[in-house]
Every structure is written in structure tokens, then in C-alpha cells.
Amino acid sequence: MTLYFDTKIEFLDSDAVSTISSWHPSEPLFAVASFSPERGGSVTIFADTVSITSIYFNPKKFLFPCSLLKGEPQRDVTYPVHATSQATALCWHPEKALLASGWEHGDIHVWFAGHREFASVNAPHKAAIVLLQFSEQGGRMVTADAMGLVTGWRCDGQYQFLTMFSHDLREVLLLICFRRTVESEVREEMANLAKAAVAGDENALDTLTNWRPRTAARSMTHSGVRDNHCFYGCTQGGVVFYINQGGACVEVMKCGSLPPIVQMLWHPKKDAVICLMEDLTVTLFLVESTGILTELDRVKMSGRGGGRQGAIAWSGNSLAIITGDLFVRIWDIERSDNYLLKMDLPSGTQVGASQTSLTNVTVSSSNQFFSQDSTESSSMGRKTPKYAVQMTGEVFTCLAYSQTNQTLCAGTSQGNLYTWKRSGSRLVTAPEEAWQLTNVSTVRGAIRSCEWGFNELAKPCMLVNCPANVYMLKEQPLLAFHTRELWAVQRAAKSVQLMHCSGRENTIQTEFAVTAMALNELSLVLSNGRSISSYSLQKVERSLDEFDEILEAVEGPPTATPSSATPLNVKLLQTFPAECLALSLYNQNIFCLANSDIMVYSVGGVVLHRIQASDIEGKIIGMDLSGCYLSLFTMNGYLKAYDVSRHDPKLLFPSKSGHDIFDDFGEFILVKCNSQGSHLAMVIASSNFTPISALYCWDFERNILFDYDLPKEEQEEIEAANSKKESSSSSLPVRIFWDVEEPRLLAMEVRSMVQKSQPQKNSQQQPSHFVLSKILLLFYSDKGCLNALENQTITPGSQLLNLCVPNVIRLKINTVEEQPLQDFVDLQQCDAVTRKQVLNFSLYVAEGNMDLAYRSIRSIQSKVIWTNLAKMCVHTNRLDVAKVCMGHLEQARSVRALRQAMEDDDLEMEAKVAVLAIELGMIEEAKDLYRRCKRFDLLNKLLQATGHLDEALQLAESEDRIHLKHTYYQKAQELRERGDIKGALEYFEKTQNPAQNITQLLLENPGAMKRYIQTTTDPKLLKWWGQYIESSGDMDAALAVYHKAEDWFSQVKILCYLGKISKADAIARQSGDRAACYHLARHYENVGKFQEAIMFFTRAQTFSNAIRICKENDFQEELWTVASSSRQRDKAIAAAYFEECGNFKHAVELYHRAGMLHKALEMAFESQQPEILEIIASELVPESDAELINRCADFFCSIEQFQKAVQLLAKTRHLERALSICLEKGVPVTEELAEMLTPEKGEFEEATRVNILVQLGELLQQQGDYHSATKKFTQAGDKMRAMKSLLKSGNTDKIIFFANMSRQREVYIMAANYLQALDWQSDATVLKHIVSFYTKGQAFDSLANFYAICAQIEIEEFQDYGKALTAMQEAAKCLEKLSHAQHAYNNLQRTVADVKTILEIQQALRDGDHQLVVGSCRSLLIKPELPPIRHSHILAMLVRALVFAKQYPEAGRALKELAVKDNSWSASGLVERAIVQKIAKECDLDFDLIWNSGRQATASTSTAATRMSSTSGMTTSYDDDEADDEEITEELH
């Protein structure tokens, strides 16, 4: 709640009257033109500051001191005075402190800030200046006189005005409207810089808090925006001129086309103007770049007078209009909607919609909270006209709107000033409800104009101009102060009501408007900013003893006592002058915040101390006193705290800069110290001077800073509280209070702007946002963090006043209310010890420390405390603590239910906690817990118990279908109790068991029952109805009902009763109903028709009755037929009968079918029935009797059916006997039989299983199935036998695969030996596998032998000593790995040396060194011939060398020696044919004889293995390996 304090502007000339006035757009300056009969006209500049200064006025060069009032003339200024002329136009520069004034005689005077004199501008005007206006940024000034002369001016840097253009329009202008720059992104960003805390609404900051930055510059509105010098001029004749940037004048609207325009406003969002015509027509024009106007919309208003009595003003994005009556109309141009503002004031108890019901409300007696005129007599009555009720002759004369606080004011012809405030704090159904009339102020005289401005603190003020006086109205928040026993509330501008907790009160009337207040138990201090009044208070002793306190806590406070009727004794002590912005009081010391420092006074006005800040810290701009701890902050962002309990204030810590504490800091907004003097709670603005949505708490003793982030903590709560229609929100802390005793606890009022995300269907009537206010109670813990204790929602119009445990103190309008904390609902009158214990409990619970919380309240008997602790156990899952709490609450039933739930192991933890929640009435929490553990059955049961059957039905249909029918039944019962028979029938039908329920429902109304039965098709219900009719004796009607219900048994029963046997027989045959067939069979048996009885007993599947009849009447064929399809018991009975009769074939088969195999076999053996034995044997399984299996096998062997015996034994897993039969009788083992004879792992003992597999493998090997034998040996784990069997198959691919898979040394060697016997010379893959297998088997001697064979073959067949050398080298590597092959290794090395020598000879032969070749060959030939080197090869090289050396005779002798050594030399190609021809020619020999002598084949050719063994002696295998190789060789060959 706010008040408006009106101050009359006092002129130095007491008989001067005001004419016109103007307030600077952004500075705390305003100018008033006045006229005095003695001195003439004058212009005075006033500054709305709080400085005590000397002001000078110079009508005739004399200096006069002025009074020390707010809104006083600017000092050291010589004001212009004219004896016969007065100022007719005033206008401030939009950015600079520059005032231009126009006068009746055409003069123009300009004043600049810092200048003493008004400067005169040399103007061409000769007539009175009627219009004077600046452009948007002040770059262009336009003046117009009464003769129609329009002049444009430009102000240079030296404050000289230069004429830019001059036009003689020859007609008086009514208005000038400069073209404005549409709010671009740059302008909006700068204009909303201080409002950026809330996204989505440019006025959100104004809605949430009235704080404004003190350290930021205010003149930034137009920075970065180019000035526009174009403007419109409208004449009395209705002509509209457009003057462009260069000064050229164009007529854009001709005379007579439209009525004259009396007011023109530029649209704030688009290039358009809105005009008020003389005939009260409001027209919207679109403005083109050339200035041409295009009409877009027009509205004709109705009013008493013409357009000159009306006015328009922008109110946000809407237009406010007055039309010469006592109504204000709002036109929403964008939505094409208009409405009237209400004219009735809200009552003190109806401001804002109540959202919560508060207890313990302390209500003040009076409700007069509107300001009285401070300069007028108190006898003037307050006029508060109601909606639609007008006072005679009173009309609105002017309008003004403040965008900063969204306030619209309108003045009337009788001096009433109406103020409406647009509120976004609640949702409204109609747009006019967003506007509320908040104040009606009265001034002397008719109001000619009203204008909004700013004071030094950037707070909006109103300047009201009346015919004789000028008033300045300032918005003042309603003052209130609270202590534990006393509180004071401002009732009016000069009235303060003081109340005591005992009920005693007093109202204090002051001589000034109160702007600051402080209170304690001893004193009350009031101030108007310029002086301070101190009052002493009588200390009130509470007379209630302990019994009275208990009685009051139980029965409530008494209605009236003698003490409550006695007023408080208040005495005025002293009134002394003091500059004051804020007040605080400690004991008898007054702390007064002045303009730059803090003065400490006694209550008598004596200055005790002065607390100052240094030049670096800047002047002090804020202070707060909590107990004995004073906290303050300065203009430059420094922070201090003092202990003022002593005579001299003690500084608690050195001054700290906010930039050192915070990363992003601009200015302190609120700073408060706790009652212990250890922590400071702070609200700050960021570096761009936007409030931060967080509360900071600084432990300055340990230098620890922790914060509470409002957007993070409040977003979920705001969305949950405001349904799903709002999406975004922003929060700001606006007030904080520490508890007066508990240093850990503080309360914070938070305002949150909730922005709508989606428009509704009636979006034209819904605001875009609304404000939620709440109080958060926080506390700091030892862990260094702020925790939330609880939150309380407050209604619009309420605010946080104090925190005084156990209550949160609120101020609603002008009423003090107490809201207890959750844990103090029934403990508001408790003593200090109990209050401390309960508070500790609350804090421990909020921290989640259940053990300490329980210990702190063990001795307290408050059920609220124990209930709260039990409820907290629901969130912490502490069922053990909850059981104790329920015991303290004396809830035995709840304790029993909780104990049973805890002992139930089938319940999840969440389900157990849900039981506790149900006992505490926390139904929603119980639902969430059941959903979390997916116990939808229990949730369904809970919903049914709480009466939410519709929700239970939805849950059962989707999640708990097992209880769906029961849920339908419960819903039907509910509808039945409510009398909704139709609905109950519908849900009874869904239960799928409607007979009992529906019949009970309709039994009392047989007619309704009959009608319902005729429409139903439910067989159960029809059967019940048929039985009901049958009981009444109406058989035909009952038969019809049974037929409709398809109840065949009942039909057959009635037909048999009526003697219609043929029809009953047909129904029984056609339907096949067992009950009907049984009833008819009994009827036939009774009448002696046994064949029909047997047939229907069989159809009814009552075979015992049919068998009984067959036995009684010796019907053997019928008995066989019936027994074949009967149960086993009946088959055994029939088989015994056949056995008695000697029919062994039927008896054996029936015994077999009845499962009595022993009996069937014995009878089959006795009767020699092998066919049946085969059938029985085919059905035997391993679990069958072993004796029975052996008897069957013996029987098959006795008739020489060994194959069947083996298959039977294999099938029944008698594998050993089956194998013995196969071996003895030579039964061929197929692949299928082999699989049957293969034992599974775990079926037999491992030794037995291996023995069976080995026997099976040997059997398969004997029968030549090597592959199957290999498989069985492998399964037995005998890979050697498996490999030997596989070698006998000769399948190379499988041998290679098996060797690779076996990973066994002996298997590798056997596989390599086998592959070595193949044609490995022509298959590189085989050669690779040989080497690989010998290597993997580590048979390096065999591998060396193989390499030696390779070398021998290369020399013998291809004479390739190079490859032979490579093979020998590989063999040498293998021999190196053998310790017992040193001799073979040495022999191999000698052979390698000889081979290298031969390779050298071959190289020399190729190089042409024939003599070296001859010598080397002769040297080698001297040595004895040692394989694999052949002398024949050396002789062949010798022959070639001698021929090449042309030693033909020697070559001939060498050739002869070659022929002796090798008689196949020419056939093997040792010497080329050309060389032999050359020798024969040179030695004159017979070529043919020589050549043919070398073509004889040798008869003795040894194998490579034998040659290699004789050559290198490298066969060093072990004896067992040699035996295996011999065995494999024998098997292969």
C-alpha cells in the first residue's frame, strides 16, 4: 500500500499564481511559470532534492534566502522577470538540463545547468510564443507564435541556438508532433536495461520491485539512436503541415477534409500517429516516409464537450481517453477492444483476491489510509465518488501515464486527482479488472494539467498545476514497524497507530507527513525527511500468569479486558531538525541516514556520533539495524557492519568491497545483519545494474559466501501452483528479515512474474502475465549452505513486515497479521524454551537429520509437532521414527497398520511408506508412492476407499486389469446407493457375473426384471429366470427361456418330465451337452432301453455307467467300443472282464492302454502275441522297468530279431548289452543306431561312458565306418585311435582338419607322416601342412629328415643346388633344437659346405673363369662320392669348362669318365647336346655312339627316404614313434 504526499510549491512572491509547468523527462528538475500583479511574469526552476541549500531569486537583482523545503527553487540562478509579459511556453531538453521558455512578447529565454543567468535567444517572433518543443533527442527545437510563424533551431556545443528554417503559415498552430524513432532493438535494449531481470515483459521489474540503481547513469535512453527532426504542425483551420529533416514544409492534409486535430501522439511501436479531433473522433493514421498520412482506423467518442475538452494519452500499448465527462476509457488498438476504468475504491479488506486463510489476525481499528493535503486545512473533506456516480459538474480535464510504475492519473475540474495502477499480480477475466483505482487525492482548485517526473531517487512524482497553485505529489510506501510486543502502522500521512500485544493502542498525530519511522519497547521515532520527532512509550507489564497463558492458548484471547481498553501512554520528547532518509533505533540512540553519512542522536536530539565513509567508499546510501548490529553499504559498493551496543560503534570487520565478494557485482540493494552479528544477508544487482534473482548470505567471520538461487529453487513450485498454462517465470527478492532472536533463520519475500506460454480462447481478456508473491523461510547450516524451511503464499496487497518466531508478520493494506510457522500452529503461546526446541526440530527436519529432530522434541506433547515429524518420515522413509510419532499421537490403529506393513516382506519399501502416508491423510503422497513401486492393485484399492471410483476405473482398465471386475462391482454399488439404477445395471453387466447382483437389484420390481430379461442375452441371467419360472410351475414358459439361454440340460429335463422323449433325444444328440446326455441316459436305463442308455452315457463321458450296463448284460462288443474311449481305470475294469471271459487279445490291449504293462506282457507271453509285444516295446522309455525291458529284449533275441532288440536296448539306454549283442550277433550299426548307442555326458560314470564309446568305435572300425569310428574315439577322448581310424579312411581334408582341431603332438606327427606319403612335390598346400604339423608336434628330427629329402630331390631330379642348400639350412635349424642329433648336424654341415662349393663352381662357370672351375672340379673328384653330391654333376661341369676353355681332348676324357659314372647322363641332360657334338667334332669321335651310350636307364633306384637315411643318418625318432609310423605305413599300403 502506498500514499501520495502532496506538497504545495511555494513561490517567493506570495501573491504569484502559476500559469504553466513542465518536469524534466529524466532529471529531478521542474519549471513553473507564474504571474504576479506586482512583478509580472516569471519562470522558476525547482529541484526535487534533499540537500539543505540556499536558493536565490532575482526579480530586481536582489538575493532572497528560501525555506528549507523539498521541491525548492534552483540555487544561484537569476530568473527572468517581465513586468507586463508572462511565459506562455516551457519545454525541457529531453537529455540535458536545459530549459527553454517562450513569452507573450515573442522573447525566448534559455537556461543551462551550471549557468546563473537565463540566456536570451534572438528570435524572429513578434507575437506570443504558443508552442515550444524539442525533438526526440533535442537536436532540433521548434517555436511557433500566435501569428503562425514557425522557426526551427539547432543548439551547438556552445549552447548557441542557430536558426535552421522559418515558415510563415499565416495560421495559429494548435500542436507540434515530432516524428519519433520507433523503438528499435537498440532503444529497447537500453530502455529495458534496468528491467532485464524478467524476460518477456518490459514492465516486469516495476511490477516486482521499486528499486532503481543509484550508481548507474539515467541518461541512456537515446544512446545509439539517430535523432529525427521531422514533425507535424496542425492549425486551427484543420490543415496539417509536415516539415522534413531539411526544414521543407509540405501540406499533407487539406482544410475541410477532416475536423481540426487538437492532439496528436506518436505510436510507440509503429510509424503511426493517433489523433484526437475537435469532434471527439480518435483516428489512427499510418505515416509514410514522406510524411503522407493514411487513415487506418477511426472511433467516434461521445462526450459533453468538444475535442478541446478531451485528451488522450498512451497507457502502455493502449490509449487512455477522456471526453469531457467523469469517465476514462481505454482503447486497446491492437485487439480492437475498449472499456471504462472503474471509479470505486477497493475496501481495506477486499484489495486483492484472498488466496489463503490466515489465523491469529490482528486488525487495526481504522482504515483511513489516504493522504491529506499537507498545506491545506484539515477540514477539507475527501471526495471518493463511486463507479457510475458522478458529482455535479465535475469532469476530467487532463491525463498522464507513468510507464515506470504503470500508473495512470487523471485530474478533474474540482481538484480531485484519480490514480489507477495496472496490476499484473493476478489473473483477470476482463481487461478492466487489471486496472484498480488506488488513490483519490484532492488539491485546491481545478486541475489544469498533471505530469509525471522523477525525484533524485529515480522514483515517480506528479506535478499538478492548478489555476493558482502548483502541487508536487510523491508516492510514499505505507510505513510499518514491528517488534515482538509493539508495532506501529501509518494510518494516514500524519497519523501513526501504535499497538501493544496486550491489546492496548494509541494513535499519534504529527505536524508533518511521516516518511520514516523506527520503534522499540521504549521509544518511537518519526521523521518527514527534514526533522525528527521522538516519543517515549510507557512499558506495559503483561498481567497474565502461567494459568492465564494456558487458558488463553486453549480458549482464545478474551474479548475485552480492562487493560485492553486503556490506551498506551505516549509522550512527545523532542522535535529537532535533521536530514533523514531512513531511521533506526537502538535503546535510546537514533540512527539517521542522511545524504552521505549516518548521524547518531539521542532521543533528545543531541548528536552522539557520526558514521562516515571514506572518499574511496563513497557516500552511504543504505543502512539497517538488527538488534545491536548496524549494517550499511555505500555508493561505491562497500559494505560495513558495526556493533552499536557500546558507547562508541565498533567496526566488526574492515570495509569490504562488493567486487571482492561477488564475481558479478554492480550495487547493493538490501543488506541485513542477523541477531548474532555473524552473517549478512544481501540482495545485489549485477554489473549491468539488473537485480540478481538470488539471496546471498556472507559469513564474514569465516569469509564464506553461500547463496540461494531463486530461479532454480522456485521454478517447479511456480509451475505446479499455476497449472499448465504458464511456462516461464522470473523471481526477485524484495524484502528480507532476520528473526529477532534466532540468528540462523530469516524470511524473504519473493515476487515471481509468471509469463503465459499459450494464449487461451479468451486471450483478448487475459493479461500476458501475473505476479505471485510468497514468503520463503530460510536458514543457514554448518555445511555452508542456505536451506529452505517452508514457504507461505501471500495475497496481493500484503507484504512481509518481520520475522518473530513463532510467527511471520505481514502487513496487509494497513493491517498487521501474524501467520504461525507450520510447526507452531498450536504452540503460539509457548515459552522461550519450548520455542527453541520446536525451532531446532524444524531446522533439523529441513536438513533431513531425523535423529536430532526427534531428540529435540522428545519432551514436547504437541500433536502438530509429532504430526509434522511423521509426515517428514514419509519423505525420508524412516518408518521406525514414524512408529514412535504415531504412538505419541495416540493412534493405536495406525501403529498396528504400520507394524503389519513393516513385517510384510511382500511389500516394497514405497508401499510400506504409503501405508504411513494413508494413516496421516497424505493421500496424494500415497498415490505417488504406489505408482513409483508399480503397486497398482494397492493404488486401486486406495482410490476406491477414498471415493475416487472414476480414477480407479481408469487405473484398472490400463494397469490393474486383474481387479477390473471388482472395480466395476464397486462402481455399480456406488451408483446403486445413489439411486442410479441404469448406471448400476451397466456396470453390473461389465462384471461378467451379473445374475446375482442384477437379480438382487431388480427382484423387488418384477416388471422391471421381466423387461430387463427380455432385452438381455446373458445365459446365466436367463437360466436364473428360467429356474424362477420353473419353480412357479409354468413349464412351457420355462422351456422357452431355457431355449433362449441355450440351457440344453434344463430343456431335456423338462421334456423328459413332460414325456417328450423323442424331442429330448434330438436336443441331446444335436447339442452334445454332457449333462443333457447323462440325464437322458439315466431315463433310458430306467425304462430298459440299454443300447440307447450306453450310447448317451458314452456321449456324457460317464463310461463307468456304460461299462456297468455292458457287464450286466454281457455286451462284449459294446464293452470293447466303450472301453476303448474310456479312462484308464475303466479300461482296467473292462480288461479284467475280458480276461475272465477268455478274450486275451482284447484284455492284453486294454491292459496295455490302461498302462498296466507288466500285466499286458505276462498275458502276451502266455498267449504268444508278438505283434502286441512290438507295440509295447515301441512305447518303452528309459524310465520303464528294467526287468520289463530285458524280458522284451530276450523275447526279440529268442525269435532272432536282434536288430529290434538292439534298438529297444539303445532306446531304453541299456547300451552295454546292446553293444554286446551287436558284437556277438554281428548286427550292422547304422549312423542313426550309432547315435542312439552314444551315451550323453553325465548319463553314465565317466569310465563306463568312455568304455562304451571305445567299444562302439572299435565296432564301427571293424565294420569299415572309419569316419563314425573317428567321431566316437574323439568323444571318448582317445585322439590317437581317432587319428588312426581317420588315416585308414584316406580322407586327406578330414585328416588335416582333425589334426588342427586335436592340438595333440602325436596326432600332428601322424598327420605329417601321412601327408609325407602323398605327392607333396606337386601340392604346395600339402607341403605347408607337413612343415606346420611337424613344427606343432615338435618333431624336429622328422622335419629335418623331410627337409633333407627335399634337398635330395632338388639335386637328383632338378640339379638345383641352390634350393637344396635352402632345404639343408632349414634342416640344420631343426637339428639345432635337438640335443641328441649332434652327429647328424655335423654331417649335414659338411654336406652344406660341399654344396656351397658346387654353387661357387657354378658361379665361376657363369662368370667364365674356366681354369678355376677345372681346378675346383678336379679337387672335388679326388674326394670319395658322398650323397647327395654326385660326381657325375661335377664331371658335367668339368666337361663344360674344358670345352669353353677349348681343351677338347681333356673334355673327351672327362666325358668318358662321366659315361662310366652315369650311363644315363645324356638322358638326364647333364651335358648339352651341342657340347657333345663339339667334342666329337674336335676329337673326331662318333657322336651317335657317344650320345647313345648315356641314354641307358639305371635299374637300381632307391627311395628318397632310404637315400637320405644312408646319406645323413638323421633318423633319430623314438622307438614308439617308429612303431606308429610302421603301423600307419602298413595300414596305408
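In this report, the structure presented in the accompanying data block is examined.

About the criteria used
Starting from 1, residues in each chain are numbered consecutively following that chain's sequence as written. Owing to the predicted nature of the model, reporting of local features is limited to residues with pLDDT of at least 70; listing and counting of side-chain atom pairs is limited to 80 or more, with chain, interface and lining totals taken over all residues. As a rule here, side-chain values come from all non-hydrogen atoms in the structure, and water together with hydrogens is ignored. Secondary structure follows DSSP: runs of H or I at least 4 residues long count as helices, runs of E at least 2 residues long count as strands, and numbering of each begins at the N terminus. When a residue's accessible area, from a 1.4 Å probe over protein chains only, is under 20% of the maximum for its type it is buried; when over 50% it is exposed; and in between it is partly exposed. Whether two residues are in contact is decided by their heavy atoms, any of which lying within 4.5 Å being enough. Note on areas: these come from Shrake-Rupley sampling with a 1.4 Å probe, and a residue is covered only by the protein chains present in the view. Salt bridges are identified by distance alone: a Lys or Arg side-chain nitrogen within 4 Å of an Asp or Glu carboxyl oxygen. What makes two strands pair is DSSP finding at least two bridges between them. Here an axis means a line fitted to C-alpha atoms, over the contact stretch when the element is a helix, while the angle between two N-to-C directions is reported on a 0 to 180 degree scale. Angular relationships are summarised with four words: roughly parallel below 35 degrees, roughly antiparallel beyond 145, roughly perpendicular across 65 to 115, and oblique for the angles in between. When the near helix sits turned anticlockwise from the far one by under a right angle, the crossing is termed left-handed; a clockwise turn instead gives a right-handed crossing. As a working rule, the residues Ala, Val, Leu, Ile, Met, Phe, Trp, Tyr, Cys and Pro are called nonpolar, Asp, Glu, Lys and Arg charged, and the rest polar, with Gly in that last group. As used here, the term nonpolar core means buried Ala, Val, Leu, Ile, Met, Phe, Trp, Tyr and Cys residues forming a set that is joined through side-chain atoms within 4.5 Å. Cysteine sulfur pairs qualify as disulfides if the two atoms are within 2.5 Å. A helix is expected to span 1.5 Å for every residue after the first. Directions drawn from the helix axis to the C-beta atoms are what define this arc. What counts as a ring pair is set by centres within 6.5 Å for rings of Phe, Tyr and Trp (its six-membered ring), and what kind of pair is set by the plane angle: stacked under 30 degrees, edge-to-face over 60, tilted for all other angles.

Side note on the overall build of the protein
Counting its secondary structure elements, the protein contains 51 helices and 61 strands. Within the protein, buried positions represent 51% of all 1533 residues. In the protein, the proportion of contacts linking residues at least 24 apart, taken out of those at least 6 apart, comes to 50%. Here the protein has roughly 70,400 Å² of accessible surface; of this, 49% comes from carbon and sulfur atoms.

Topic: the pattern of salt bridges
Under the defined criterion, the tally for this structure stands at 21 salt bridges. Of the charged contacts, one joins Arg39 and Glu38 as a salt bridge, the two residues approaching to 4.0 Å between their closest N and O atoms. On the basis of relative accessible area, Glu38 is assigned to the exposed category, the value being 61%. Here Lys971 ties to Asp950 by a salt bridge, and the two come within 2.9 Å at their closest N and O atoms.

Describing the sheet that holds strand S8 (residues 98–103)
Strand order in the open sheet formed by four strands is S7-S8-S9-S10, with antiparallel pairing between adjacent strands. Edge positions in the sheet fall to strand S7 (87–92) and strand S10 (119–121), since each of these pairs with one other strand and no more. When the angles between neighbouring strand axes are averaged without regard to direction, this sheet yields 25°. Where S8 meets strand S9 (residues 108–112), five bridges bridge the pair, whose relative direction is antiparallel. Looking at the pairing, Gly102 lines up with Ile108 of S9.

Some words on the pairing of strand S33 (residues 470–477)
Counting buried positions along S33 gives six out of eight residues, so the element sits mostly inside the fold. Of the strand pairs in this sheet, strand S32 (residues 460–465) and S33 are connected by five bridges, and their pairing is antiparallel. Considered in S33, the bridge of Val464 is made with Tyr471. Linking S32 to S33, which pair antiparallel, is a turn of four residues.

Re the sheet that holds strand S54 (residues 704–709)
Sheet architecture is open: four strands sit in the order S51-S52-S53-S54, paired in antiparallel fashion. Looking at which strands have only one partner, the edges of the open sheet turn out to be strand S51 (667–673) and S54. Taking each pair of neighbouring strands and ignoring which way they run, the sheet shows an average axis angle of 25°. Pairing geometry for S51 and strand S52 (residues 679–685), over six bridges, is antiparallel. Paired with Phe668 across the bridge in S52 is Ile684.

Side note on the packing of helix H46 (residues 1431–1444) against helix H47 (residues 1448–1461)
H47 packs onto H46 with a crossing angle of 165° between their chain directions and a minimal axis gap of 9 Å. With respect to their mutual orientation, H46 and H47 come out roughly antiparallel. Considering the relative orientation of H46 and H47, their crossing is left-handed. On the side of H46, the interface is formed by His1431, Ser1432, Leu1435, Ala1436, Leu1438, Val1439, Leu1442 and Val1443, while H47 contributes Tyr1448, Glu1450, Ala1451, Ala1454, Leu1455, Glu1457, Leu1458 and Lys1461. Among the residues forming the contact of H46 with H47, the class breakdown is 11 nonpolar, two polar and three charged.

Some thoughts on the packing of helix H24 (residues 1074–1087) against helix H25 (residues 1090–1099)
In contact at an axis separation of 8 Å, H24 and H25 are set at 160° when each is read in the N-to-C sense. By the angle class used here, H24 and H25 are roughly antiparallel. The crossing of H24 and H25 is left-handed. Side by side, H24 and H25 meet where Arg1074, Cys1077, Tyr1078, Leu1080, Ala1081, Arg1082, Tyr1084 and Glu1085 of the first sit next to Phe1090, Glu1092, Ala1093, Phe1096, Phe1097 and Arg1099 of the second. Across the contact of H24 with H25, the residue classes tally to nine nonpolar, no polar and five charged.

Here we look at the nonpolar core
Of all hydrophobic cores here, the largest spans 77 residues; its most connected members are Trp1465 and Val1471. The contact partners of Val1471, leaving out residues within four places of it in the chain, are Ala1436, Val1439, Arg1440, Leu1458, Trp1465, Val1476 and Trp1491. One finds Ile794, Leu821, Val895 and Val915 within the second-largest nonpolar core, a separate group that totals 57 residues.

A word on the environment of His948
Within the secondary structure layout, His948 lies in the loop between helix H14 (936–945) and helix H15 (949–958). Here the alpha-carbon distance between His948 and Lys971, two residues 23 residues apart in the chain, equals 9.7 Å.

Side note on the side chain of Asn465
Structurally, Asn465 is set in strand S32. The exposure class assigned to Asn465 is buried, which follows from its relative accessible area of 2%. Apart from the residues within four sequence positions on either side, Asn465 is in contact with Ser18, Thr19, Ile20, Ser21, Ala446, Ile447, Arg448, Ser449 and Val470.

Considering the environment of His1329
Inspection of the secondary structure assignment puts His1329 in helix H41 (residues 1324–1336). It is 7.2 Å that separates the C-alpha atoms of His1329 and Ala1312, two residues lying 17 residues apart in sequence. Ignoring sequence-local partners within four residues, the contact set of His1329 consists of Ile1296, Asn1300 and Leu1315.

Describing H14
Along an α-helix, residues three or four positions apart point the same way, because every turn accommodates 3.6 residues. The set of residues buried in H14 consists of Phe936, Leu939, Asn940, Leu942, Leu943 and Gln944. Turning to H14, the residues buried within the fold contact helix H12 (909–919), helix H13 (923–932), H15 and helix H16 (964–977). Note on H14: the residue one or two positions beyond its end, Gly947, has a positive phi of about 85°.

Examining the state of the cysteines
Counted by the stated rule, this structure contains zero disulfides. Unpaired in terms of disulfides, Cys501 finds its nearest cysteine sulfur in Cys804, a separation of 9.7 Å. With relative accessibility at 29%, the residue Cys501 sits in the partly exposed group.

Some thoughts on unusual backbone geometry
Here the residue pair Val805 and Pro806 is connected by a cis peptide bond, since its omega of 20° sits within 30 degrees of zero. With respect to the secondary-structure elements, Pro806 resides in the loop between strand S59 (798–804) and strand S60 (807–812). Not every positive phi belongs to a glycine, and Arg170 is a case in point at roughly 60°. Position of Arg170 among the secondary structure elements: in the loop between strand S14 (161–168) and strand S15 (173–178). Residue Arg170 is classed as exposed on the basis of its relative accessible area, which comes to 70%. In this model, Leu280 sits at a positive phi of 65°, which is unusual for a non-glycine residue. In this structure, Leu280 sits in the loop between strand S20 (272–277) and strand S21 (281–287).

Re H47
Here H47 spans 20 Å end to end across 14 residues, near enough to the 20 Å set by a 1.5 Å rise per residue. Residues of H47 that are buried: Tyr1448, Ala1451, Gly1452, Ala1454, Leu1455 and Leu1458. Seen end-on, H47 carries its buried residues on one side only, within an arc spanning 165°. Exposed side of H47, more than 90 degrees from the buried face: Lys1456 and Val1460 are the residues found there. Lining the buried residues of H47 we find H46, helix H48 (1473–1483) and helix H49 (1487–1492).

Description of the packing of aromatic side chains
Enumeration according to the criterion identifies 24 aromatic pairs in this entry. With centroids separated by 5.8 Å and ring planes inclined at 20°, the aromatic side chains of Tyr1084 and Phe1096 adopt a geometry described as stacked. Here Tyr1084, found in helix H24, pairs with Phe1096, found in helix H25; they are 12 residues apart in sequence, far enough to count as distant. Of the two residues, Tyr1084 and Phe1096, both sit in the buried class.

Here's the deal with the side chain of Asn840
With respect to the element layout, Asn840 can be found in helix H7 (residues 832–847). Residue class for Asn840 comes out buried when judged on its relative accessible area of 16%. In this view, Asn840 contacts Arg744 and Ser856; residues no more than four positions away in its chain are not counted.

Some points on the pairing of strand S36 (residues 495–500)
The buried count for S36 comes to six of six residues, which makes it a mostly enclosed element. Burial along S36 is two-sided: Ser495, Gln497 and Met499 facing one way and Val496, Leu498 and His500 facing the other are all buried. Where strand S35 (residues 486–492) and S36 come together, six bridges link them in antiparallel fashion. Bridge pairing links Trp487 to Met499 in S36. Taking the residues that link successive antiparallel strands as the turn, the S35-S36 hairpin has two residues. Both S36 and strand S37 (residues 505–509) contribute to a ladder of five bridges, which runs antiparallel. Note on S37: the bridge partner recorded for Leu498 is Asn506. Here S36 folds back onto S37, and the loop between the two strands holds four residues, one of which, Gly503, carries a positive phi near 105°.

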